[in-house]
Structure formats: C-alpha cells, structure tokens
Amino acid sequence: ACCLFIVLYVQDELLFDRYHERADRIYRVVEARNQGDENWHEASTSALMGPALVSDLPEVTDAVRMWSGWRLTVKKGDTGIIVRNYSFSDPGLFRIFDFEVLGGDPAAALERPDGVVLTETIARQLFGNEDPVGKPLEIEAEDFPEFAEGGYEVGAVIRDLPHNTHLDFDMLMAVSTLY
C-alpha cells in the first residue's frame, strides 16, 4: 500500500504542467541571487526579460510576463468578493499555455487594460448561472495603490486550473492595467 501511494505521488509530481500541448517547449525563467552566504532562486526577473529573450534569442519564439497579487475586492453590483489570488499577464499567456475556455476570448480580454479573465469558480461566485462575458465589474485594490481601480469588463471565463500546475490564479488582468 505504501509503495502504491509513493508511485501515485511521484506520478502526480511528474505530470505537473504536462497537460499543455507544448509542455516540452515551455520554460520558466528563474533568477539566481547570491547575497553573502545566502543563495536563493525565484521566478522573478525584470519586466524587460521576456521581450529581450524573444528579440535576442532566435530559439525563443514567445514569452509571457506575469505578476501576482494577493488581495482585491471585486464587485458586481451589490455582490462583492475578495479575490486573494490574481495575476497580471500578457495576452501571450493563451498562446503558450492551454487553458479550457468556457466563454469569451481570453487573449482579447488581456489586450485591453479594462479586460478581466475569470476562472469558473470566481465567475460562479459573482454571477451565479448568468453568463458573465461582457458584464461589468468594479475592482478595488487596497494593497496595490498603483493599480487602476474602477470599471472593468469580463472578457472570458476559463475552467479552474488543475491542482498540478505551478500557475496559480483565480482572475487575470492585462499587464497594461498597471500602466
């Protein structure tokens, strides 16, 4: 029984992010930092890294940048929820990764600074069984003063992410939202 559980655990770990069609060609840039006796690695680089890799290295065909946040208040009329797991992303996310789209056009939503992509769970919490695509949302960001608060529009809904992925978000907004 122990061996069976170990095999199942290892198999699950080896299948991390393998559901993407081009998983064998997807890489994550990790920055190695050394400070004194301390060394650490983090998936955080300059915002210019992705575009620079695409322009300078012919073997890099596409890149996507993502920044994660940790607390937004999202309101649909009088209904509001706290979204603790959101990210800002380039539209290229949907050229590189395969997410099941339930409605709308997620890449087009991330082309606009007021576009939002929701996972099905967040969409259901806000809109119930109503189709959220094209519907307005109000967003308040208490922990991110640079963020442009105000009116947004749901551009797409995607299926909830599987447990065996390193990507972790419930809502996506365009990188251009930050500017």
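Residues numbered from 1 in each chain as written. Predicted model: local features only at pLDDT ≥ 70, side-chain atom pairs only at ≥ 80, totals over all residues. Heavy atoms only, no water.

### Here's the deal with the packing of aromatic side chains
As enumerated under the stated definition, the model contains four aromatic pairs in all. Between Phe-97 and Phe-99 the ring centres are 6.2 Å apart and the planes differ by 35°, which places this aromatic pair in the tilted class. Residues Phe-99 and Phe-169 carry aromatic rings whose centres are separated by 5.9 Å and whose planes lie at 75° to one another, so their mutual orientation is edge-to-face. With Phe-99 in the loop between α3 (93-96) and β7 (101-104) and Phe-169 in the loop between β10 (150-158) and β11 (171-174), this pair connects stretches of sequence that are 70 residues apart. Note on Phe-99: relative accessible area 11%, which makes it buried. The class for Phe-169 is buried, based on a relative accessible area of 3%. (Phe/Tyr/Trp six-rings, centres within 6.5 Å; stacked < 30°, edge-to-face > 60°. Helix = DSSP H or I, 4+ residues; strand = E, 2+ residues; numbered from the N terminus. Buried < 20%, exposed > 50% of the residue type's maximum accessible area, 1.4 Å probe, protein only.)

### Looking at the nonpolar core
The biggest cluster of nonpolar side chains holds 21 residues, and the ones touching the most others in it are Val-74, Leu-118 and Met-171. Within the residue set of this core, elements represented by two or more residues are β4 (72-76), β5 (79-83), β6 (86-89), β8 (115-119), α5 (120-127), β9 (136-140), β10 and β11. Sort the elements by how many residues they give to this core and α5 lands first, with four residues. Leave out the neighbours within four places in its chain, and Leu-118 touches Ala-123, Leu-126, Phe-127, Leu-137, Val-154, Ala-156, Val-157, Ile-158, Asp-170 and Met-171. (Core = buried A, V, L, I, M, F, W, Y, C linked by side-chain atoms within 4.5 Å. Contact = heavy atoms within 4.5 Å.)

Nothing here speaks to function; it is all geometry.
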